Amino acid sequence: MKRLPKKVYAAELVRLQAELVKLQEWVRVEGARVVVIFEGRDAAGKGSTIKRVTEFLNPRVARIVALPAPTERERTEWYFQRYVEHLPAAGEIALFDRSWYNRAGVERVMGFCSNQEYARFLHQSPIFERLLVEDGVLLRKYWFSVSDGEQENRFRSRLEDPMRRWKLSPMDLESITRWEDYSRAKDEMFVHTDIPEAPWYVVESEDKRSARINMIAHLLSTIPYHEVQRLPLDLPPRPPSKGYERPPREMQTQVPDHAARLRG
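Please read these numbers as outputs of a predicted model, since none were measured by experiment.

Side note on the nonpolar core
Judged by nonpolar contacts, the single largest core of 32 residues is most densely connected at Leu-20, Leu-23, Trp-26, Val-36, Met-215, Ile-216 and Ile-223. Elements with a minimum of two residues in this core: helix H1 (6-30), strand S1 (33-40), helix H2 (46-54), strand S3 (92-97), strand S4 (138-145) and helix H10 (208-221). Top element by residues in this core is H1. It accounts for seven residues. Leu-87, Trp-100, Phe-128 and Leu-132 belong to the second-largest nonpolar core, a separate cluster that totals 26 residues.

Things to note about the pattern of salt bridges
Counted according to the given criterion, the structure contains 23 salt bridges. Close ionic contact of Glu-227 with Lys-22 constitutes a salt bridge, the shortest N to O distance being 3.9 Å. Residue Glu-227 is found in the loop between H10 and helix H11 (258-263), and its partner Lys-22 is found in helix H1; the two are separated by 205 residues along the sequence. Here Glu-227 falls in the exposed class, since its relative accessible area comes to 51%. With a relative accessible area of 26%, Lys-22 lands in the partly exposed category. For Arg-184, the salt bridge goes to Asp-181, with nearest N and O atoms at 3.6 Å. With Arg-184 and Asp-181 both in helix H9 (residues 179-193), this residue pair falls three residues apart, about one helical turn. Looking at Asp-181, the relative accessible area reads 35%, which means it is partly exposed. One connected set of salt bridges, linked through shared partners, spans Glu-19, Lys-22 and Glu-227.

Rules behind the numbers
Residues numbered from 1 in each chain as written. Predicted model: local features only at pLDDT ≥ 70, side-chain atom pairs only at ≥ 80, totals over all residues. Heavy atoms only, no water. Core = buried A, V, L, I, M, F, W, Y, C linked by side-chain atoms within 4.5 Å. Buried < 20%, exposed > 50% of the residue type's maximum accessible area, 1.4 Å probe, protein only. Helix = DSSP H or I, 4+ residues; strand = E, 2+ residues; numbered from the N terminus. Salt bridge = Lys/Arg side-chain N within 4 Å of Asp/Glu carboxyl O.

Structure, rendered in structure tokens:
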């Protein structure tokens, strides 16, 4: 696949990010609740897309939800319970970097759930999501699709890069040998959970630049936001001094000037 030129990508990304800021303000003022689910194979580009979505957003409004493995107590709860507490309140956006669909993917393929638990999930998930939508939550579900060859290339790149090596786990590498198992699990998941009230949107992710642009543009197109007029702000004049004097720097513990050595 031909990659989107970097200049074109950078210009469009900035434009879309400006629109995301407008969306954020609309969510905050209107008291909307937005849930965006990012799913897909390992190294499909979910994390890097989330990073671009949130780059200029207020973390008090737009939160990333990336849950660790469940605790022993959480394993005894209703499956969706640990996710419910991370759903947004009025004026918030929750971005799920993987979600309750772990049960239909990793847990199913790796045998971390029973057949009964898996069947119950496929039955309950559409009901759960219909309840969210019925209550007014704006739910968007994105599946990032990448080929086996491109996934392997990205894994190899991470293995060779010490700055990104942390992104790989033994389970990630095992996904290479279970490619078809994950494919079958994804297809079955779509059959049961691609519902009119909360459809799956597939993002072709062979080219990460195109994937990010396409996903953000689509998200913006599905929400009826508008630019919110803000009150004009002016910097007030600084009042005259009332005699305050800063304590000597020697009385405080200063961070060493590492930058000075670089300048020298």
